[in-house]
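One letter stands for each residue in the lines below.
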Amino acid sequence: MHYLSKPVLLLTLLTVLLGWSAISLADQESKPFAEKRVVLQISDNNPFKQTLVLNVANNLLKHYGTDKIDVEIVAFGPGLRLLFAENTNKDRIQGLADNGVRFSACSNTINAMSRKLGHKPVLSSHAVKVSAGVVRIMDLVDQDYILIKP
Amino acid sequence: MTNRTPNLRNTLLLAILSAGFLGSESQAANWLMLQGTEPAGAAPRAKLWGFIQPEYQQTDGALLAAGPWKGQSAIFNQIGPDLKSESTFQIRRARIGIRGTGMPLDSNVNYFFLAEAGNNAITRQGGGSVRLTDASITFNHLPGARIRVGQFKYPGSEEGLQAIHVFDYINFTNASNQLLLERFFDGDGSDKQNPNRPNGAFRDVGVQLFDTFRRSGWEHSYAAMIGNGNGIVRADNDDNKDLYLYWSSEQVYGGKGPRRQGLKLSAWWQDGKRTLTGAGAGEYDRNRWGAALTFRKQQWRAAAEYIAADGMIFNGTDGGAVPGSVNNAGTAVASFNVAPEGEADGWYVHLGYAVTPEWELDARYDVLNRMTDVSAQERKLETLTLGAQYFMNKKSRLIVNYEVRDAEAPGLAGSAVPNQILADIDDRISVQLLAIF
């Protein structure tokens, strides 16, 4: 029986570790000097929560400075309405995106809404689709993001 | 000549001392969008809301000084809509409504529903009961051309189009009250008559095309509506339809909703016909048009508006008496009158200043020139309204108004009976509370 030699094993392990780090670092590349990393969850139907989550994101940027804090807003369930293209908050979303805030849209929710609407909802150009909103949140938490649900 | 009695002065002084000044909310807002649409992607399925306006109004109750009803109550010194007293507490408005999207995932369909249960010309004229004031659906599918269908405020004067619960004053200007708040009658008043339906409440039943566009810091809005021209909560009574056209351009300084700051210019036109079936039966033109300027920036608020009217001019009551009153000779009953082919115009200017975030001072001067085409029937009504507002919070406020009122028949001698009657128009004090929920 042949086993992997130690150098090959070490090289393989190193590749895996680098790959995992690459995935983790990809989220953090946009704010390499960030001292704090926050994921904001919006999953509520309440329109007031839309205003609240945008206010929290804005307040974080103001307090820490745009380069010192990394913010991602993850929308799923009824909260995905925040990322509809025609949403009344689109100007605020544009402003936050210009300051590096990221917006993730849950594909599971998109599919469910598509069935109800009869067509796919049109999302903001700043929304990035993720396979599942809760999974995205969990992944970010694993990367030391602080979860806040206003 | 006006009556300014110590009684009213003391009441005014007490009211102002016990009230306060607070910021106004009403100028430079986009009423078409605020009242006809819901925030895209952020509106609830159904939002319950409403407001209550209890108030007290008082005049000195001066009686008619001349004419066939001499010594009886003067309609202009009685408190409406009941016209039975010169001082009264009442629930001026009590409205409850629901608005929303129906299906939150689809912002293209909005609805608005509002009912009135207060004591006013909507609920008391033509039979008193709770009335539907608004019931509409708005379709936002077409870019640049939203469609609103149902019963709602027609696009027109700034004073009429703005939401009543953010109005800076308690009573409307004479021009809006008599030229735009339409009363519906069967005849011209030659025979005894009362309104046959509720006051029009600046509303009609029909379909409206409208939208708003932003260009270089300016917001331009248009609206075109076709309606029955026959008041609220009923079908049309003839084959004619009213046409309403509206345009506004506003330089937006900031803020949002009813408190938005900006400088707005607007103009409007209303063209319609009315059919009388009683005395003076026939079909008559009813045209209205006007232009307005509103301004709101930091502590300052200002507005000016001009309103013109041709046809179906509300022309007061016989002898200035309360309708239904029998004259002293026992030969006639006072009635409301309409001049089907008369002309009129009016205007107002308003200035407000928020002394502190809780307190505001307001002043408004308004003029109505009624029946300008017939010298002997021409009447000029002038009112200077001094006001103070105190905001307990964003949804509750106290308003105090003192109206210095004058009226005359400029085409007649000072000794003529109409001028003797109008000389006794009293000042009026009003105190109103507002609670929005």
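Since the structure is predicted, the reported quantities are computational estimates derived from the model, not experimental observations.

> Got a sec to walk through the overall build of chain A? Specific residues and values, please.
Each helix and strand in chain A was counted, giving five helices and five strands. Seen in sequence order, chain A has helices and strands lined up from the N terminus as α-β-α-β-α-β-α-β-α-β. Out of the 150 residues belonging to chain A, those deemed buried represent 32%. Pairs at least 24 apart in sequence give 76% of the contacts found in chain A among residues at least 6 apart.

> Help me get a handle on the sheet that holds strand S5 (residues 146-148) of chain A, residues and values and all.
Neighbouring strands of a sheet are bound in pairs by backbone hydrogen bonds; such pairs are parallel or else antiparallel. Residues and elements named next belong to chain A. One open sheet holds the five strands; their spatial order is S4-S3-S2-S1-S5, and the pairing between them is parallel. Two strands bound the open sheet, and with one partner strand each, they are strand S4 (127-130) and S5. For this sheet, the mean inter-axis angle between neighbouring strands, taken without regard to orientation, is 30°.

> Help me get a handle on the pairing of strand S4 (residues 131-142) of chain B, residues and values and all.
All names here are of chain B. Direction of pairing for strand S3 (residues 109-116) relative to S4: antiparallel, over a ladder of eight bridges. Bridged to Asn110 within S4 is Thr138. The hairpin turn running from S4 into strand S5 (residues 145-153), its antiparallel successor, is two residues long, and Gly144 in that turn takes a positive phi close to 80°.

> Now, about the interface of chain A and chain B: what can you tell me, with residues and values included?
In many analyses, interface size is given as the accessible surface area lost on bringing the parts together. Contacts between chain A and chain B engage twelve residues on the former and ten residues on the latter. Those elements that provide at least two residues to the side of chain A that touches chain B are helix H2 (47-64) and helix H4 (107-117) of chain A. The residue makeup of the side of chain A that touches chain B, split by class, is four nonpolar, five polar and three charged.

> I'd like to hear about the nonpolar core, residue by residue, with values.
Counting residues in each nonpolar core, the largest one holds 47 residues, and the members touching the most others are Leu179(B), Ile313(B), Ala321(B), Val338(B) and Ala344(B). Non-local contacts of Ala344(B), meaning those with residues more than four positions away in its chain, are made with Leu179(B), Ala309(B), Ile313(B), Leu368(B), Asn369(B), Arg370(B), Met371(B) and Thr372(B). Grouped together as the second largest cluster of nonpolar side chains are 30 residues, Leu96(A), Phe103(A), Ala127(A) and Ile137(A) included.

> I'd like a rundown of the pairing of strand S14 (residues 343-356) of chain B, residues and numbers included.
Residues and elements named next belong to chain B. Strand direction decides the pairing type here: strand S11 (residues 300-310) and S14, joined by eleven bridges, are antiparallel. Residue pairing in the sheet places Ile307 in a bridge with Gly346 of S14. Two elements, S14 and strand S15 (residues 359-370), share twelve bridges in a ladder whose sense is antiparallel. Within S15, the residue paired with Trp347 across the bridge is Val367.

So, how was this worked out
- Residues numbered from 1 in each chain as written.
- Chains lettered and ligands numbered in written order.
- Predicted model: local features only at pLDDT ≥ 70, side-chain atom pairs only at ≥ 80, totals over all residues.
- Helix = DSSP H or I, 4+ residues; strand = E, 2+ residues; numbered from the N terminus.
- Buried ≥ 20, exposed ≤ 12 C-beta atoms within 10 Å, placed from the backbone.
- Contact = placed C-beta atoms within 7 Å.
- Pairing = 2+ DSSP bridges.
- Axes fitted to C-alpha atoms, helices over the stretch in contact; angles between N-to-C directions.
- Nonpolar A, V, L, I, M, F, W, Y, C, P; charged D, E, K, R; others polar.
- Core = buried A, V, L, I, M, F, W, Y, C linked by C-beta atoms within 7 Å.

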